[in-house]
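# Commentary on secondary and tertiary structure
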Amino acid sequence: MPSNYLPAGKTLKTHRAGSSSAGTGSSVPLDKVLGHVAIIELERTQMNESNTAQLSVSTSAQLRYWEAEDAQTLLNLYKANEDLHRQLPRLVKLADAIESIEGFSSAHEDRAIFCVDIDGEACGLVGLSFEAKDEVTGSFDRAWVWYWSAGETRGKGLMKQAVKAVCDWAMGRLDIRHCWNGCKLLCEIESPQIRRLELGYRLNNPASAKVAEFSGFVVEGVERAKFKIDGELVDAAIAARL
C-alpha cells in the first residue's frame, strides 16, 4: 500500500520528507476533493464491514514498538519496496536500519511510532509527531500522522485498522470494546489527548486516501504541485481530524 508523507517543516530524525510512489501531477480542483470527502460517512459502514472480513486472514497482526531485532527486516523491506525510499532515510547496511529504529524509540517524548507486525515480522509503520507543546502542562496540542506499509500488509485493510486505532488512542477515544485485537498495546499506555491530528497524502495515491478517510480525516485543502517525483508534479491533499 502506498503511504502518506511527512511534509517539509515537520522534521523527524529518521524520516525523509516525501511521498511513496511516482504518479501524474494533474491538479484537482478543491471543490472536487471536498465533494469526494462528503461521501465518507455513507461509505464508512461498508468499508468497516469489508475490512473486518479482510482482517480474518491476519489474526496474528498487532501493533507493537519497534525493536532492534527488526533492523534486518526493515532493511529488507527498504530494498524490496522502492516507494519506501521516500519514506525513510537511505538504508544501505544494517547499521543504517538500526539507526532508523533508534529514532522510532518510545523514549522520545515528541513522537509515538508503532510497528505493524504480522506473525512476528515488521510490515508497516504508524507514526505520530507531536507539536505545539504547552510549557506549563507539558502536553502537546497537535500531531502529524504518517504511515507506510509493505509486504503482507498491503491490500488487506490492515493499515486502515492500525491507523484508525492509533488516531483514536492519540485523542483519547479508543474503545476497547470495538477495536481490533491487535491494538492491545494501545490499551496499556496513556493517551496524549491530542486535540487535532493532521496528515497529507498525494492525490494520485488512492490507497492512502482511503486510510485517511476510514480514520476520520477530512480534507481541508490541496497543495498544488507539492512534489516533483521522477520529473512529474504531484498535488497533495491536507486533511485533519478533530
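Above this note sits the structure.
What you see is a predicted model, and the numbers here were worked out from it, not measured in a lab. (Residues numbered from 1 in each chain as written. Predicted model: local features only at pLDDT ≥ 70, side-chain atom pairs only at ≥ 80, totals over all residues. Heavy atoms only, no water.)

## As for the overall build of the chain
The helix and strand inventory of the chain stands at seven helices and seven strands. N-terminal to C-terminal, the α/β element order of the chain is α-α-β-α-α-β-β-β-α-α-β-α-β-β. Buried positions account for 50% of the 242 residues belonging to the chain. Across the chain, every contact between residues at least 6 apart in sequence was considered, and the portion connecting residues at least 24 apart equals 67%. A total accessible area of about 11,400 Å² is found for the chain, and carbon and sulfur atoms account for 50% of it. (Helix = DSSP H or I, 4+ residues; strand = E, 2+ residues; numbered from the N terminus. Buried < 20%, exposed > 50% of the residue type's maximum accessible area, 1.4 Å probe, protein only. Contact = heavy atoms within 4.5 Å. Areas by Shrake-Rupley, 256 points an atom, 1.4 Å probe, with all protein chains shown as cover.)

## Here's the deal with unusual backbone geometry
A positive phi angle, near 55 degrees, is found at D119, a position not held by glycine. With respect to the helices and strands, the residue D119 is situated in the loop between β2 (111-118) and β3 (121-133). For D119, a relative accessible area of 58% puts it in the exposed group. One non-glycine residue, A132, adopts positive backbone phi at about 55 degrees. For A132, the location among the structural elements is in strand β3. Given the relative accessible area of 38%, A132 is considered partly exposed.

## Quick notes on the nonpolar core
Of all hydrophobic cores here, the largest spans 41 residues; its most connected members are L63, L128, V145, Y147, L186 and L197. When contributions to this core are tallied by element, the ones reaching two or more residues are β2, β3, β4 (140-149), α5 (158-170), α6 (184-188), β5 (196-202), α7 (206-214) and β7 (232-241). (Core = buried A, V, L, I, M, F, W, Y, C linked by side-chain atoms within 4.5 Å.)

## Let's talk about the sheet that holds β4
The seven strands are arranged β1-β2-β3-β4-β5-β7-β6 in an open sheet whose pairing can be described as mixed. Either end of the sheet is taken by a strand with one partner, and the two such strands are β1 (62-65) and β6 (218-229). Shown here is a sheet whose adjacent strand axes are inclined to one another by a mean of 25 degrees, direction ignored. Note: β3 against β4, nine bridges, orientation antiparallel. Within β4, the residue paired with S129 across the bridge is W144. Sitting on the sheet, α5 touches β1, β2, β3, β4, β5 and β7, and the angle it makes with β3 is about 30 degrees. α7 rests against β4 and β5 of the sheet, and its axis sits at about 160 degrees to β5. (Pairing = 2+ DSSP bridges. Axes fitted to C-alpha atoms, helices over the stretch in contact; angles between N-to-C directions.)

## Examining the environment of S106
Within the secondary structure layout, S106 lies in the loop between α4 (94-103) and β2. Once the C-alpha coordinates of S106 and Y65 are considered, the two residues, 41 residues apart in sequence, prove to be 7.3 Å apart.

## A short note on the state of the cysteines
Counted by the stated rule, this structure contains zero disulfides. C115 takes part in no disulfide bond, and the closest cysteine sulfur to it belongs to C123, at a distance of 7.6 Å. You can call C115 buried: its relative accessible area is 0%. (Disulfide = S-S within 2.5 Å.)

## Observations regarding the pattern of salt bridges
Following the criterion strictly, the structure yields 14 salt bridges and no others. Across the salt bridge formed by K164 and D168, the nearest N and O atoms sit 2.8 Å from each other. Note that K164 and D168 are positioned in helix α5 at a spacing of four residues, about one turn of the helix. When its relative accessible area of 27% is taken as the criterion, K164 is described as partly exposed. Classification of D168 by relative accessible area gives buried; the value is 9%. Salt-bridge contacts for E220 lead to R196; the nearest nitrogen and oxygen are separated by 2.6 Å. Of this pair, E220 sits in strand β6 while R196 is found in strand β5, placing the two residues 24 residues apart along the sequence. (Salt bridge = Lys/Arg side-chain N within 4 Å of Asp/Glu carboxyl O.)

## Some thoughts on the packing of aromatic side chains
In the structure shown here, the tally under the stated rule is five aromatic pairs. Look at W66 and F104: their rings are 5.3 Å apart centre to centre, the planes differ by 55 degrees, and that puts the pair in the tilted class. With W66 in the loop between β1 and α3 (71-80) and F104 in the loop between α4 and β2, the pair connects residues that are 38 residues apart, well separated along the chain. Comparing W66 with F104, the two get one shared label, buried. Taking the centre distance of 5.6 Å and the plane angle of 90 degrees together, the rings of F114 and W169 count as edge-to-face. Here F114, found in strand β2, pairs with W169, found in helix α5; they are 55 residues apart in sequence, far enough to count as distant. Each member of the pair, F114 together with W169, is buried. Here a set of aromatic residues connected by ring pairs shows up, and it is made of Y65, F114 and W169. (Phe/Tyr/Trp six-rings, centres within 6.5 Å; stacked < 30°, edge-to-face > 60°.)

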